[in-house]
Amino acid sequence: MRITPVLVADAGSTDGTPNIVRSFRDRLTVDLIPGGMPAVGRNSGAARATTRYVLFLDADIELAEPWLIRRCLEKMQQQQLHLATTNILCRGSFADKILYWGSDFFQYLSCIYKPFATGMFMLFDRERFHELGGFHEEAQFAEDYLLSQKVARRKFAIVRGGVFTTNRRFQKMGHLRVFLLFFRTALNTHNERFYLRDHKYWGAYKG
C-alpha cells in the first residue's frame, strides 16, 4: 500500500500541535519540520517531498467532502495541470460568509486574467512548483497570491467542492480591515514591493 507522507511545519505553536502530530505516527507517515513565516514552512515541506504532487493546507481547514483531494488529483492528471484549488467556505456569521463568497467570486474571475489561489488549499505539480521558485520567503503577506499568479491560466483549475476555514482572521482584524487589505492587494497585483512590506497581517493573527 502506498503511504502519502504528511509534513507539518510548526512555528513554535503553543496549542499542543507537536504532540498531536506525533500521536498519529502509528497510523500515518507524518513528520514535524521547523516552520516560521508561512512561505518558509511551506518551502521546507516541499523541499522534502518526493511525490509528483504536493498539497499545501492551512492548519485550520477542514475538507467539505472526503473525496475532494481525489477529485483534484484526477483533474490534475487528466488536464496536466500545474495548480488546482477549490472554494473556501466558512461556518461563521453571515458577514464572514459574504466575504468568503466574494473571495471565491474573485478567484473565478482571476481565471480570465491571472490565477488566484490561497494557501488554504493549493495542489501543485511538485516539479513546476520548484521551477516557479516556490513561495517568496521575503513576502510579509499574500505569498500564496504571488505564487499562484505565476501559473499559466490553462494550467490552473478551481475544482468543485470546498474546504471550511475558521473566522479567526475576522475576529482578530475586523471585517472592514480585512476587506480593505484584500482590496489593496488586488490593486497592487503588479507591485511586488507591496507584498514585501509588513501589513501587520500575521501579527494581528497571532496576537
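First, a word on scope: everything that follows refers to the structure included in this document. In this text the structure is predicted, and so the values were computed from the model without any measurement.

Attention shifts here to helix α3 (residues 68-79). Here α3 contains 12 residues, and its C-alpha end-to-end distance of 17 Å stays within 8% of the 16 Å for a straight helix at 1.5 Å per residue. Residues Leu68, Arg71, Cys72 and Met76 constitute the buried set of α3. Summarising the axial view, the buried residues of α3 lie within an arc of 135°, below the 170-degree limit, and thus occupy one face. Counted as exposed and oriented over 90 degrees from the buried face of α3: Arg70 and Gln78. Against β3 (53-57), β4 (62-63), β5 (83-90), β6 (121-125) and β7 (156-165) lie the buried residues of α3. In the stretch just after α3, Gln80 is the one whose phi turns positive, near 50°.

Turning our eyes to something else, we now look at the pairing of β6. Counting buried positions along β6 gives five out of five residues, so the element sits mostly inside the fold. Both faces of β6 are covered, namely the face carrying Phe121, Leu123 and Asp125 and the face carrying Met122 and Phe124. Here β3 pairs with β6 via five bridges, running antiparallel. When the bridges of β6 are listed, Tyr53 appears paired with Asp125.

Quick look at the nonpolar core now. Core analysis: the biggest nonpolar cluster contains 29 residues, and Leu123, Phe141 and Tyr195 have the highest contact counts within it. Residue assignment for this core shows that the elements contributing at least two residues are α3, β5, β6, α6 (143-148), β7, α7 (168-173), α8 (175-187) and α9 (192-196). Excluding residues within four positions of it along the chain, Tyr195 makes contact with Ala139, Gln140, Phe141, Ala142, Tyr145, Leu146, Thr185, Asn188 and Thr189. Leu83, Phe129, Leu147 and Phe156 belong to the second-largest nonpolar core, a separate cluster that totals 15 residues.

For the rest of this paragraph, the subject is the pairing of strand β2 (residues 30-34). Remember that side chains alternate between the two faces of the sheet whenever the strand is regular. Of the pairings in the sheet, the one linking strand β1 (residues 6-10) to β2 comprises five bridges and is parallel in character. Across the sheet, residue Leu7 finds its bridge partner in β2, namely Asp31. Of the crossover connections in this fold, the one passing from β1 over helix α1 (residues 17-22) to the parallel β2 is right-handed.

Let us now look at the environment of Asp96. Note on placement: Asp96 falls in helix α4 (residues 94-110). For Asp96, a relative accessible area of 2% translates into the label buried. Considering only alpha carbons, one finds Asp96 and Asp26, 70 residues apart in sequence, at a separation of 37 Å. Not counting the four nearest positions on each side in its chain, Asp96 is found in contact with Cys90, Asn167, Phe170 and His175.

Calculation notes
- Residues numbered from 1 in each chain as written.
- Predicted model: local features only at pLDDT ≥ 70, side-chain atom pairs only at ≥ 80, totals over all residues.
- Heavy atoms only, no water.
- Helix = DSSP H or I, 4+ residues; strand = E, 2+ residues; numbered from the N terminus.
- Expected span 1.5 Å × (residues − 1).
- Buried < 20%, exposed > 50% of the residue type's maximum accessible area, 1.4 Å probe, protein only.
- Arc of directions from axis to C-beta.
- Contact = heavy atoms within 4.5 Å.
- Pairing = 2+ DSSP bridges.
- Core = buried A, V, L, I, M, F, W, Y, C linked by side-chain atoms within 4.5 Å.
- Right-handed = clockwise from strand over helix to strand, strands pointing away.

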